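# Structure assessment
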Amino acid sequence: MTWLAWRQFRTQAAVVFGALAVLAVIVIITGLQLRHWYDTSGIRTCSAVNDCDTATSAFTQHYKWLQTLLGSVLILFLPAVTGVFWGAPLIAREFDTGTYRLAWTQSVTRTRWLGAKIAVVGAASVAASAVLTWLVTWWSTPFDLISQNKFDPTIFSERDIAPIGYAAFAFAFGLTAGLLIRRSLPAMAATLVGYIAARLVVLAWIRPHFAAPLHATAALQPPGPGSKLVRPPGDSLTRPGAWIVSSQITDPSGHAVNRIAVHPDDPCVATRTCLTGYHQTISYQPANRYWPFQWYETALFTGVAVILIGLCFWWITGHHLRPTRRITTASAQPTTPQATAPASVR
Amino acid sequence: MIEFHLDARSGVSPYRQIVDQVRRALRLGLLDEGDQLPTVKDVVGQLAINPNTVLKAYKELEHAGLVAARPGVGTFVTATLRDASVVAHGPLRRDLTRWLAKARRAGLDEESIEALFRDAFRASVEQDIA
Amino acid sequence: MSTVLQADGLGKRYRRNWALTDCTLRIPSDRVVGLVGPNGAGKSTLLNLAVGLLTPTCGRIDVLGARPARGPAELAKVGFMAQETPTYSGLSVADHLRMGAHLNPSWDRRFAADRIAQLGLDPRQPAGKLSSGQRAQLALTVAVAKRPQLLVLDEPVASLDPLARRQFLQGLMEVVAEQGVSVVLSSHLIADLERVCDHLIVLVASRVRLAGDVEHLLATHHLLTGPRHDRLPADMQVITASHTDRQTTLLVRTEQPILDPSWAVEPVGLEDLVLAYLEPDSHDHGRPGHLIGVPR
């Protein structure tokens, strides 16, 4: 059965893994180059803020197009792509073409049939995202060291192990959609919608609460001499690499405000006291929670994937159908006694 | 080895047609003692009929003592229906062909020829009985 | 005599429609069974239930003594060809045979390869590029090469041209002669089945109207013509009746010889017999003597 599952899948696998191989070559070559530049750029050893600023902004210009491609595009799409194009049609296609009638009347049970397909295609889906994620994380290391914002919601979703969970979930969701809807195109559409919805829900409402956020408050400082910018104290309240979940400015009476209106003729301008009494309150996840959160997120998506796959096995063995009521031959008087002549004498 | 043909429209059941064709072959000398009848597989592969039909026909022929089945080998002819009269077949056939040519020259079409023959045949049979 | 298929009160419902109603059958082994009926009568439903692709809504069905598709051993004993002959269009002929070998422990490689060669199929050709007749032959090979005890074929020749149809039936009969396998095949045309079937089931509007060995059916059905009778004979079962002002024609079913001299008795051909049972007004069960008028 594994042979059949692989034989049906091999072209699609070749396309994606072939593309990944090409990408890997590009990534490794440019990544090594970046690391070399990073080592020789003096960013490691800089101490004065201005020197650091120049060096880092020069560095981040390298391979801008590849930064976007790797960082934002590919890894955003790949789990969805494998879920929609590999997961959803896996069973739905067999219903579309009627080939399930051929497959389910060979000498293998439906459980083994489904299991082999999941083992081959599901493993490939997860492996593809794992490989891509590793490539992206390795390549982006210099940039991440500079910007220190791996915990930022979008970047968090594209590093380390989280995308592996997404890939598993997208595949399982697609598989379930294909099994229940039984038509490829609607199942693919449902998978895309479901995946996006799940990702957004987790991002907005669940991930911030994996652990209770910490809080910090600081008074707003007036801008330094010669500068017009107000640097939010949040940056210095938390150590670099933290994830600021929410941020609120309160006025002297404690009410939350969105803007502070200052007229140029106000008396406070001269005395630089316009910001007195204003505080910023932030809730944040400290940087040291990055890795636990990666595990939580991956476990959440993978756990749901496992549940969905279990549901598929339960569904496909027909347990959802009403069990047959046995009619004993004594009670069932055939109503067509003449028409159904029992085994006639030859 | 003879070959069977099936007339699906004749109203005669397929197994009967096979029996008749074997008997006719035996009569005409097309099948001799020791000859093998076509295997059931070959017959159904050519005619697309149920193998039980062929088996039934062969069984009836075996019952009539004309053939015998050898398990694993095939079905073989054990007796003929040929009699001494077969030597007369040749000249009789020639006479018949000549008569048919004469009938056609006289302007009879196929239907008339057949009707004429059947009529005369039936009359002669009745005469024999009477 | 053993039965290959046994159904008791079998029924299947989709949403609100009953596709199969109260189906009770005993199909003996070593037969080629024809399942005939109009489109939508429930033939596919019955066959899909027999191979375990559907589960009954009520009643039960046993195939070769067990619930269909209960496990690999039961699956191995039944070969199936679905309607429209689904095949994996991207896989080649040889790939289909490899699939069969991988998925069926009882697969006979030699037989499958020989059959494909004998049919003249190119092993490397994708199944999607085969003609419908070739695809049917490929599907039959896949169903048969695992040496099943029962073959279930759902309208196998429906979309084939006459030559392909004949070749398919020839091949099928060869397999039956060689392997002694029982066959159940369905069609909405009786002409397809007349040559090959020795047991017949007529299915109309989700119900079984007639079932029995062809020989027995032909021996017990008679066409009676005679002067107009308004009261029908009480001692035999009338299937259809038609009247002109002078004449009555009846199709009857009886095991007894017909002794009434007022009737001229003729045998009925299989096609006419089936057509009579396909008529919606035909009387397939009930007390003999009941009058049915079908004025023509």
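Residues numbered from 1 in each chain as written. Chains lettered and ligands numbered in written order. Predicted model: local features only at pLDDT ≥ 70, side-chain atom pairs only at ≥ 80, totals over all residues. Heavy atoms only, no water.

### Some details on the overall build of chain C
Along chain C, the regular secondary structure elements total 9 helices and 13 strands. With the C-alpha coordinates of chain C rotated into their principal frame, the extents come out at 65 × 40 × 35 Å. When the 296 residues of chain C are sorted by exposure, 60% land in the buried category. For chain C, restricting intrachain contacts to residue pairs at least 6 apart in sequence, the fraction spanning at least 24 positions comes to 68%. Roughly 12400 Å² of accessible area belongs to chain C as shown, and the carbon and sulfur atoms make up 49% of that amount. Where the 31 positive side-chain charges of chain C centre and where its 31 negative ones centre are 8 Å apart. (Helix = DSSP H or I, 4+ residues; strand = E, 2+ residues; numbered from the N terminus. Buried < 20%, exposed > 50% of the residue type's maximum accessible area, 1.4 Å probe, protein only. Contact = heavy atoms within 4.5 Å. Areas by Shrake-Rupley, 256 points an atom, 1.4 Å probe, with all protein chains shown as cover. Lys, Arg positive; Asp, Glu negative; His and termini not counted. Charge placed at Lys NZ, Arg CZ, Asp CG, Glu CD.)

### Let's talk about unusual backbone geometry
Residue and element names in this part refer to chain C. Despite not being glycine, Thr85 shows a phi value in the positive range, around 45°. Relative to the assigned elements, Thr85 resides in the loop between strand S5 (78-81) and helix H3 (93-103). Positive phi is not limited to glycine here, since Ser206 has a value of about 75°. Checked against the element boundaries, Ser206 lands in the loop between strand S8 (199-204) and strand S9 (207-213).

### Focus: empty space enclosed by the protein
A full pass over the atoms with the stated rule returns 3 cavities of 30 Å³ or more. Quantified by volume, the largest cavity comes out at close to 120 Å³. Residue lining of the largest cavity: 13 residues in total, with Pro68, Ala69, Glu74, Leu75 and Val78 of chain C positioned closest to the centre. A per-element tally of the lining of the largest cavity places helix H2 (residues 72-77) of chain C first, with 3 residues. Tallied by class, residues from the lining of the largest cavity come to 9 nonpolar, 1 polar and 3 charged. Elements that contribute at least two residues to the lining of the second largest cavity include exactly helix H4 (100-103) of chain A together with S5 of chain C. (1 Å grid on protein atoms, 1.4 Å probe; cavity = no way out; pocket = protein on both sides within 12 Å on 5 of 7 lines; lining within 4 Å. Points joined across faces, edges and corners; volume = space filled by probe spheres on them. Nonpolar A, V, L, I, M, F, W, Y, C, P; charged D, E, K, R; others polar.)

### Describing the interface of chain B and chain C
Taken together, the contact between chain B and chain C spans 14 residues of the former and 15 residues of the latter. With both sides pooled, the region where chain B packs onto chain C buries about 1100 Å², and carbon together with sulfur makes up 52% of that total. Summed over the three residues of chain B that lose the most area to chain C, namely Lys41, Ala48 and Asn50 of chain B, the buried surface amounts to 43% of that side. Here chain B is connected to chain C by 2 salt bridges. One salt bridge connects Lys56 of chain B with Glu215 of chain C, and the closest N-O pair in it is separated by 3.6 Å. Taken together, the links from chain B to chain C amount to 10 residue pairs in polar contact (both at pLDDT 80 or more). Only helix H2 (40-47) and helix H3 (51-63) of chain B provide two or more residues apiece to the side of chain B that touches chain C. Sort the elements by how many residues they give to the side of chain B that touches chain C and H2 of chain B lands first, with 6 residues. (Buried area = accessible area lost by both parts, 1.4 Å probe. Salt bridge = Lys/Arg side-chain N within 4 Å of Asp/Glu carboxyl O. Polar contact = N/O pair within 3.5 Å; in protein donor to acceptor, adjacent residues only side chain to side chain.)

### Regarding the pattern of salt bridges
Applying the stated criterion across every chain yields a total of 21 salt bridges over all chains. A salt bridge links Lys150 of chain A to Asp160 of chain A; the shortest N-O distance between them is 3.0 Å. In this pair, Lys150 of chain A is assigned in the loop between helix H5 (110-147) and helix H6 (153-156) and Asp160 of chain A in the loop between H6 and helix H7 (162-181), connecting sequence segments 10 residues apart. Overlapping salt bridges, with partners in common, bring together Arg7 of chain A together with Asp95 and Arg98 of chain C in one network.

### Comments concerning H5 of chain A
Residues lying three or four places apart along an α-helix face the same way, a consequence of the helix completing one turn every 3.6 residues. The sharpest bend along H5 of chain A comes to roughly 55°, located at Thr141 of chain A, with the proline Pro142 of chain A sitting one to four residues further on. One or two steps after H5 of chain A, the chain reaches Gln148 of chain A, where phi turns positive at roughly 55°. (Bend = angle between axes of the 7 residues up to and from the residue.)

### Re the nonpolar core
Ranked by internal contacts, the top residues of the largest apolar core, which has 170 residues, are Phe168 and Leu172 of chain C. Of all hydrophobic cores here, the second largest spans 9 residues; its members include Leu232, Met236, Val238 and Leu250 of chain C. (Core = buried A, V, L, I, M, F, W, Y, C linked by side-chain atoms within 4.5 Å.)

### Remarks on the environment of Arg118 of chain B
All names here are of chain B. You can see Arg118 is positioned in helix H5 (residues 110-129). Residue classification places Arg118 among the partly exposed residues on the basis of a relative accessible area of 47%. Distance from Arg118 to Leu100, taken between C-alpha atoms, is 14 Å for residues 18 residues apart in sequence.

### Looking at the sheet that holds strand S7 (residues 182-187) of chain C
Residues and elements named next belong to chain C. Spatial ordering of the open sheet is given by S5-S6-S7-S3-S8-S9, a layout of 6 strands whose pairing is mixed. Looking at which strands have only one partner, the edges of the open sheet turn out to be S5 and S9. Each neighbouring strand pair of the sheet contributes to a mean axis angle of 15°, computed without reference to strand direction. Bridge count between S5 and strand S6 (residues 150-153): 4 bridges; the pairing is parallel. Bridge pairing in S6 links Val78 to Leu150. Contacts between helix H6 (residues 162-179) and the sheet are confined to strand S3 (32-36), S5, S6 and S7, with S7 contributing the most and set at about 160° to the helix. (Pairing = 2+ DSSP bridges. Axes fitted to C-alpha atoms, helices over the stretch in contact; angles between N-to-C directions.)

### Here's the deal with the packing of H7 of chain A against helix H8 (residues 184-206) of chain A
Residues and elements named next belong to chain A. As a packed pair, H7 and H8 sit with axes 9 Å apart at the nearest point and diverge in direction by 140°. One way to sum up the angle between H7 and H8 is to call them oblique. The two elements H7 and H8 cross, and the hand of that crossing is right-handed. Contacts between H7 and H8 involve Tyr166, Phe169, Ala170, Phe173, Gly174, Ala177, Gly178 and Ile181 from the former and Pro186, Ala187, Ala190, Thr191, Gly194, Tyr195, Ala198 and Arg199 from the latter. (Parallel < 35°, antiparallel > 145°, perpendicular 65-115°, else oblique. Left-handed = near helix turned anticlockwise from the far one by under 90°.)

### A look at the side chain of Gln280 of chain A
All names here are of chain A. By the secondary structure assignment, Gln280 is in strand S4 (residues 279-285). With a relative accessible area of 7%, Gln280 lands in the buried category. For Gln280, the side chain forms a polar contact with the side chain of Ser247, separated by 3.1 Å.

### Re the layout of surface pockets
In this model, the second largest pocket occupies a volume close to 1400 Å³. Lining the second largest pocket are 39 residues, and of these Ala8 and Pro14 of chain B together with Glu194, Arg195 and Leu270 of chain C lie nearest its centre. Listed by contribution, the elements that provide at least two residues to the lining of the second largest pocket are helix H1 (14-28) and H3 of chain B together with H6, helix H7 (190-194), helix H8 (214-220) and helix H9 (270-278) of chain C. Considered class by class, the residues forming the lining of the second largest pocket number 17 nonpolar, 8 polar and 14 charged.

### Thoughts on the packing of H7 of chain A against helix H11 (residues 290-316) of chain A
Residue and element names in this part refer to chain A. In the contact formed by H7 and H11, the axes pass within 8 Å of each other and the chain directions differ by 20°. In terms of orientation, H7 lies roughly parallel with respect to H11. As for the relative orientation of H7 and H11, their crossing is left-handed in sense. Tallied by class, the residues present in the contact of H7 with H11 amount to 18 nonpolar, 5 polar and 1 charged.

### Looking at the packing of aromatic side chains
Applying the stated criterion to the full structure yields 22 aromatic pairs over all chains. Ring geometry for Phe9 of chain A and Trp86 of chain A: centres 4.8 Å apart, planes at 85°, overall edge-to-face. Residue Phe9 of chain A is located in helix H1 (residues 2-40), and its partner Trp86 of chain A is located in helix H3 (residues 64-97); the two are separated by 77 residues in the primary sequence. A centroid spacing of 5.6 Å and a plane angle of 85° characterise the contact between Trp104 of chain A and Trp113 of chain A, whose relative ring orientation is edge-to-face. What makes Trp113 of chain A buried here is its relative accessible area of 1%. A cation over an aromatic ring shows up here: Lys56 of chain B above the ring of Tyr15 of chain B, its NZ or CZ 4.1 Å from the ring centre. The ring of Phe76 of chain B carries Arg70 of chain B above its face, with NZ or CZ at 4.0 Å from the centroid. (Phe/Tyr/Trp six-rings, centres within 6.5 Å; stacked < 30°, edge-to-face > 60°. Lys NZ or Arg CZ within 6 Å of the ring centre and 35° of its normal.)

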